[in-house]
Amino acid sequence: MSVKTSPTGSGVYYRPTHSYMGIADGSTLTHSAGETEFRAQVGVGAQLPNEGNYWLLEFGYAGSEIKELIASYAVTIPSRQFFNTIPFLKAGALLGYGDSEGLSPSSFGVLLGAGGYNYIGQSRRLRLEYGIDLARTEWLTINKSYGREEWTDITWHIYIGAAYKF
């Protein structure tokens, strides 16, 4: 996160943790956060036949509110199957809703990821899915008395979950 300050002399704090960043003196202040957050995520998707590529629309929840809306496309690689795991590569876009009002998003981002899935049972309808994504998110600028807050987040999403094929 970076803040371009105006020379007001007031203290500048990183909002989520209230960590002191410095004095607003006309310089650009930065802050790196190493926070871990756990959240629930649900989604719907469609997959092409025979372990084909698939589309997902997911909602990430923290507490009782939606934090992100994620649209992604995964390319499966069934020819590289190992230990009954079908690998995939994923790309997507996201809209963030942290501190939003109404349906207006507060951030926009992109993600790249990789993972795999294994079927549970003979019906091949239920599967265990896991992976890792790297996301870059740009937050909307916030004007404060000491300057403009401009946030850029680089985050890792590590996940494990279940998917059911209808």
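Residues numbered from 1 in each chain as written. Predicted model: local features only at pLDDT ≥ 70, side-chain atom pairs only at ≥ 80, totals over all residues. Heavy atoms only, no water.

**Q** Which residues make up the overall build of the protein, and what are the values?
**A** A count of helices and strands for the protein gives 0 helices and 13 strands. The secondary structure elements of the protein, listed N-terminal to C-terminal, are β-β-β-β-β-β-β-β-β-β-β-β-β. Compactness check: the protein gives a C-alpha radius of gyration of 20 Å against a globular reference of 15 Å for 166 residues, more than 25% above the reference. Each principal axis of the C-alpha distribution contributes one length, and for the protein these read about 65 × 30 × 20 Å. Counted over contacts in the protein with a minimum sequence separation of 6, partners at least 24 positions apart contribute 43%. (Helix = DSSP H or I, 4+ residues; strand = E, 2+ residues; numbered from the N terminus. Rg over C-alpha atoms; globule rule 2.2 N^0.38 Å. Contact = heavy atoms within 4.5 Å.)

**Q** Talk me through the packing of aromatic side chains; I want residue IDs and the actual numbers.
**A** The full count for this structure, using the stated rule, is 8 aromatic pairs. On the numbers, 6.5 Å between centres and 70 degrees between planes, the contact of tyrosine 54 with tyrosine 117 is edge-to-face. Of the two residues, tyrosine 54 sits in strand β6 (residues 54-62) while tyrosine 117 sits in strand β9 (residues 107-120), which places them 63 residues apart along the sequence. In terms of burial, tyrosine 54 and tyrosine 117 fall into one category: buried. Ring geometry for tryptophan 55 and tyrosine 73: centres 5.3 Å apart, planes at 55 degrees, overall tilted. Placement of the pair is tryptophan 55 in strand β6 and tyrosine 73 in strand β7 (residues 65-76), with a sequence separation of 18 residues. On the basis of relative accessibility, which here comes to 42%, the residue tryptophan 55 falls in the partly exposed class. These aromatic residues form a ring-pair network of at least three members: Tyr54, Phe88, Tyr117 and Tyr119. (Phe/Tyr/Trp six-rings, centres within 6.5 Å; stacked < 30°, edge-to-face > 60°. Buried < 20%, exposed > 50% of the residue type's maximum accessible area, 1.4 Å probe, protein only.)

**Q** Could you give me a rundown of the environment of glycine 92, with the residues and numbers involved?
**A** Looking at the secondary structure, you find glycine 92 in strand β8 (residues 86-96). For glycine 92, a relative accessible area of 17% puts it in the buried group. Separated by 30 residues in sequence, glycine 92 and glutamine 122 have C-alpha atoms that sit 31 Å apart. Among residues more than four places away in sequence, those in contact with glycine 92 are Ala71, Ser72, Gly109, Val110 and Leu111.

**Q** Describe in detail the sheet that holds strand β4 (residues 28-30), supporting the description with residues and values.
**A** If you walk across this open sheet you meet the 4 strands as β4-β1-β12-β11, and the pairing is antiparallel. In this open sheet, the two edge strands, each paired with only one partner strand, are β4 and β11 (142-144). Within the sheet, the average angular offset between the axes of one strand and its neighbour, ignoring direction, is 20 degrees. Examined bridge by bridge, β11 and strand β12 (residues 147-150) share 3 bridges and lie antiparallel to one another. Within β12, the residue paired with lysine 144 across the bridge is glycine 147. (Pairing = 2+ DSSP bridges. Axes fitted to C-alpha atoms, helices over the stretch in contact; angles between N-to-C directions.)

**Q** So what's going on with the side chain of glutamate 68? Which residues, and what values?
**A** Position of glutamate 68 among the secondary structure elements: in strand β7. Within the structure, glutamate 68 has its side chain in polar contact with the side chain of arginine 39 (distance 2.8 Å). Once you skip the residues sitting within four places of it in the chain, glutamate 68 turns out to touch Arg39, Glu58, Phe59, Gly60, Leu94, Leu95, Gly96 and His157. (Polar contact = N/O pair within 3.5 Å; in protein donor to acceptor, adjacent residues only side chain to side chain.)

By themselves, these are just geometric observations and shouldn't be taken as functional.
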